[in-house]
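Coordinates in review
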Amino acid sequence: NVSPDVDIIHYSWTYFEHGGAEKARESLIRWGQQMPKRPMVHHLVARGKANTCEGDSKENAMLDNTYAAYGYNAFCIQTGLYFGGHDYDKEQEEGINRFGWQQVGDGYHNTTRYGELEEDEERRNGLGTVYRNWHPGPLGFQIASDAFAYVYSMGVLMALELIE
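Reference entry: report on the structure contained in this document.

The rules behind each value
- Residues numbered from 1 in each chain as written.
- Predicted model: local features only at pLDDT ≥ 70, side-chain atom pairs only at ≥ 80, totals over all residues.
- Heavy atoms only, no water.
- Pairing = 2+ DSSP bridges.
- Helix = DSSP H or I, 4+ residues; strand = E, 2+ residues; numbered from the N terminus.
- Axes fitted to C-alpha atoms, helices over the stretch in contact; angles between N-to-C directions.
- Parallel < 35°, antiparallel > 145°, perpendicular 65-115°, else oblique.
- Left-handed = near helix turned anticlockwise from the far one by under 90°.
- Contact = heavy atoms within 4.5 Å.
- Nonpolar A, V, L, I, M, F, W, Y, C, P; charged D, E, K, R; others polar.
- Buried < 20%, exposed > 50% of the residue type's maximum accessible area, 1.4 Å probe, protein only.
- Salt bridge = Lys/Arg side-chain N within 4 Å of Asp/Glu carboxyl O.

**Focus on the sheet that holds strand 2 (residues 40-45)**
On the basis of which strands lie adjacent, the open sheet formed by three strands has the order 1-2-3 and parallel pairing. Two strands in the sheet have a free side with no partner beyond their single neighbour: strand 1 (8-11) and strand 3 (73-76). Between one strand axis and the next, the sheet turns through 25° on average, direction left out of account. Bridge count between strand 1 and strand 2: four bridges; the pairing is parallel.

See below:
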């Protein structure tokens, strides 16, 4: 159940999606648009090298193009990192997979902000794990939460400008 009073619906069950999942996401977006406040649907994806998170598949591109005007957005953990300029492809050629299971460090950071204060080295390194397995680790979730915080902060600033 979802309260009719929500402003944003987060969806992140992509680990177990298989063919045709875009139809279910589209239904969620349309359902949200029928709610009183017409909440945005924000879709968190643990992978994603391209803007649609799935290598610009036709189905995902259609969702983005059709529903972005209604607030639909896909947040792909890997996409933001790739766009930051780190050469993950070169590292992959050298045998370093930053997105592999239990890998510490994303190419920019070796631990979370919380981990920087941690004195226990094993704990600090554990907090720097990008992916535990197919699930993001602490650093992966920090990347996602930072993306959400940035987008929502920009939205607040835009709203304040309109109010002025």
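**Points about the packing of helix 1 (residues 21-33) against helix 2 (residues 58-67)**
Between two packed helices, what matters for the description is the angle formed by their axes and the separation of those axes. Running from amino to carboxyl end, helix 1 crosses helix 2 at an angle of 15°, the nearest separation of the two axes being 10 Å. In terms of their interaxial angle, helix 1 and helix 2 are classed as roughly parallel. The way helix 1 lies across helix 2 gives a crossing that is right-handed. Taking contact as the criterion, the partners of E22, R25, E26, I29 and R30 in helix 1 are, on helix 2, E59, N60, M62, L63 and Y67. Taken together, the residues of the contact of helix 1 with helix 2 break down into four nonpolar, one polar and five charged.

**Notes on the pairing of strand 2**
Within strand 2, five of the six residues are buried, which leaves the element mostly enclosed by the surrounding structure. In terms of strand pairing, strand 2 meets strand 3 through four bridges, oriented parallel. Pairing of H42 across the sheet is with N73, part of strand 3.

**Quick notes on unusual backbone geometry**
For R38, which is not a glycine, the phi torsion comes out positive at approximately 45°. Residue position: R38 is located in the loop between helix 1 and strand 2. The residue Q102 is not glycine, and still its phi comes out positive at about 70°. Position of Q102 among the secondary structure elements: in the loop between helix 4 (88-93) and helix 5 (113-116).

**Remarks on the side chain of Q142**
Residue placement: Q142 occurs in helix 7 (residues 138-163). Setting aside residues up to four positions removed in sequence, Q142 forms contacts with T112 and R113.

**Quick look at the pattern of salt bridges**
Applying the stated criterion to the full structure yields five salt bridges. For the salt bridge of D5 with K37, the shortest nitrogen-to-oxygen distance reads 3.5 Å. With a gap of 32 residues between them, D5 in the segment before strand 1 and K37 in the loop between helix 1 and strand 2 connect regions that are remote in the sequence. Between R98 and E91 there is a salt bridge, with the nearest N and O atoms lying 2.9 Å from each other.

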